[in-house]
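Inside the fold
Given next are the chains, with one letter for each unit.
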Amino acid sequence: MRLLGRLVLLVAALAGGGYAVQHYAYGLALGALVLLVVLVLELARYLTRGQQALADFTLALKYRDFTRQYPAQSGPTSLRPLHEAFNQVNATFRALRAEQEGQFQYLQTILVLLDTGIVSYDAAGTVGWVNEAFKQTLHLPYLKNIQALQSRQPVLYEAICRAVPGQPVVVKLTVGPQAVQLLVSATRFTLRGEAFTLLAFKNVSQALADTETAAWQQLLRVMTHEIMNSVAPIASLADSLGHHVQRARQQEASTELLDDVGTGIRIIQQRSEGLLRFAQVYRDFSTLAAPQRTTLYVQELLQATRQLLAKQLAAQGIELTLSVRPAYLTLHADGHLLEQVLINLVLNAAQAVAQTPHPRINLRAWSDEQQRVVVEVKDNGSGIPADVLESIFIPFFTTHPNGSGIGLSLAKQIMQLHQGSIQVHSVAGAGSAFQLWFPSSIPL
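None of the values given here were measured: they were computed from a predicted structure.

Rules of the game
- Residues numbered from 1 in each chain as written.
- Predicted model: local features only at pLDDT ≥ 70, side-chain atom pairs only at ≥ 80, totals over all residues.
- Heavy atoms only, no water.
- Axes fitted to C-alpha atoms, helices over the stretch in contact; angles between N-to-C directions.
- Helix = DSSP H or I, 4+ residues; strand = E, 2+ residues; numbered from the N terminus.
- Parallel < 35°, antiparallel > 145°, perpendicular 65-115°, else oblique.
- Left-handed = near helix turned anticlockwise from the far one by under 90°.
- Contact = heavy atoms within 4.5 Å.
- Nonpolar A, V, L, I, M, F, W, Y, C, P; charged D, E, K, R; others polar.
- Buried < 20%, exposed > 50% of the residue type's maximum accessible area, 1.4 Å probe, protein only.
- Pairing = 2+ DSSP bridges.
- Core = buried A, V, L, I, M, F, W, Y, C linked by side-chain atoms within 4.5 Å.

Now for the packing of helix H9 (residues 298-315) against helix H10 (residues 335-352). It is the contact of H9 with H10, at a shortest axis distance of 10 Å, that shows an interaxial angle of 40°. With respect to H10, the element H9 is oriented oblique. Seen along the crossing, H9 lies across H10 with a hand that is right-handed. The residues of H10 that touch H9, namely those facing Leu301, Leu302, Ala304, Thr305, Leu308, Leu309, Gln312 and Leu313, are Gly335, Leu338, Glu339, Leu342, Ile343, Val346, Leu347 and Ala350. Here the contact of H9 with H10 is built from residues that sort into 12 nonpolar, 3 polar and 1 charged.

Written as structure tokens, this is what we have:
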């Protein structure tokens, strides 16, 4: 209505000015012209004030000023709906900012409480965030650029430069008078079109020391057990032979006495050879070479294993089945090492099904949703007792009288050399399943 009134006045002033000019009333025509100019300016101001309000609101958004309040209950009636919309937008942005700041404070609190050092930096090396745990671990009061570590901790800086996302590495450093071992993990992400690297540093010195001590203690217990089992009878036999020799000197040696001496010497020889075999197995386990990888067809690998053991398993009445999905499944691995692993697993399964009425071993392979290849050796044997399950991968641990205790630990080490893992699922009385997992990162 106000716009219509302004248009009516504008038309009236224009008509009056024209009428005055026709009747030579120049004074009246001048007044009509002045009124016409005033009405045009007022109309222009009326039409552009909405645009001015929008421009003012846009400028406030540019500078992230969401504190302004626009008069929605007073002021020009035509602008009240626009002002109300502006106020709602500002309120929404204020709520989002408060929520974002709350989340940021929450994240800051978590990062401060973590005992893991965290630092992020951009492509130029400029550090955008570093928490107190990182500063305390490396005794750094501040860090502006990641390249500053090159002079302070060159070993750590080199590890950071070579860090691969998803592949943590352990770095040994000397920080002050103390030697520490850091587990360094890296990830990369893009934020607002800019690339960032996020590093996490975990001091694992104590954890590794505890694990190493426990491993050495376990290994020493096993080796002590093996050595004592061999040395004790040797010492006993040596003492008996000494008495026999002493008696032989006192009286003419009898045939029975010589036989006893010969038997004792043979036993000493056998136990000595047993100790040598034990040392040889330990040396082979500790000096396993790096895998020589080639592209393998899993179907051919499993068939070769079955052919090698077919006669032995058939003699024991054991059924061996094979299944590969898909048939063209491939691996980039060392075929000789994997064949050794599979032979050990199948032979272990054969021992497990020895007392089973219908012994059966299944060799299976498949690819999961993440393109990881899984090879499984499953049997329907007696299963593995729960109290033994945790120890089966410990070197030299065995439940078989004639076993070396090296097969499963060797299989685990071979899988680790392939960046894979070996897992076992066993139910007492229902059988066991050993699975070899190969990561999808290995090129196929």
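Still more to cover.
Here the bond from Arg325 into Pro326 is cis, since omega is -10°, no more than 30 degrees from zero. Relative to the helices and strands, Pro326 resides in the loop between strand E7 (319-325) and strand E8 (330-333). Phi at His139 is positive, roughly 55°, even though this residue is not glycine. By secondary structure assignment, the location of His139 is in the loop between helix H4 (132-138) and helix H5 (149-152). For Gln419, which is not a glycine, the phi torsion comes out positive at approximately 55°. Structurally, Gln419 can be placed in the loop between helix H12 (407-417) and strand E11 (421-427). Owing to a relative accessible area of 48%, Gln419 belongs among the partly exposed residues under this scheme.

Quick look at the sheet that holds strand E9 (residues 360-367) now. Strands sit in the order E7-E9-E10-E12-E11 across an open sheet of 5 strands; the sheet is mixed. Of all strands in the sheet, those with a lone pairing partner are E7 and E11, marking the two edges. When the angles between neighbouring strand axes are averaged without regard to direction, this sheet yields 15°. Pairing analysis gives 7 bridges linking E9 to strand E10 (residues 373-379), with the strands arranged antiparallel. Looking at E10, one finds that Arg364 is bridged to Glu376. Packing of H9 onto the sheet brings it into contact with E7, E9 and E10, and relative to E7 it is tilted by some 180°.

The biggest cluster of nonpolar side chains holds 41 residues, and the ones touching the most others in it are Leu338, Val375, Phe434 and Leu436. Setting aside chain neighbours within four positions, we find Leu338 in contact with Leu296, Leu301, Leu331, Ala333, Ile414, Met415, His418 and Phe438. Counting 24 residues, the second-largest nonpolar core is a separate cluster that includes Ile146, Ala159, Ala163 and Val171.

Bear in mind that shape data such as this cannot, by itself, settle questions of function.
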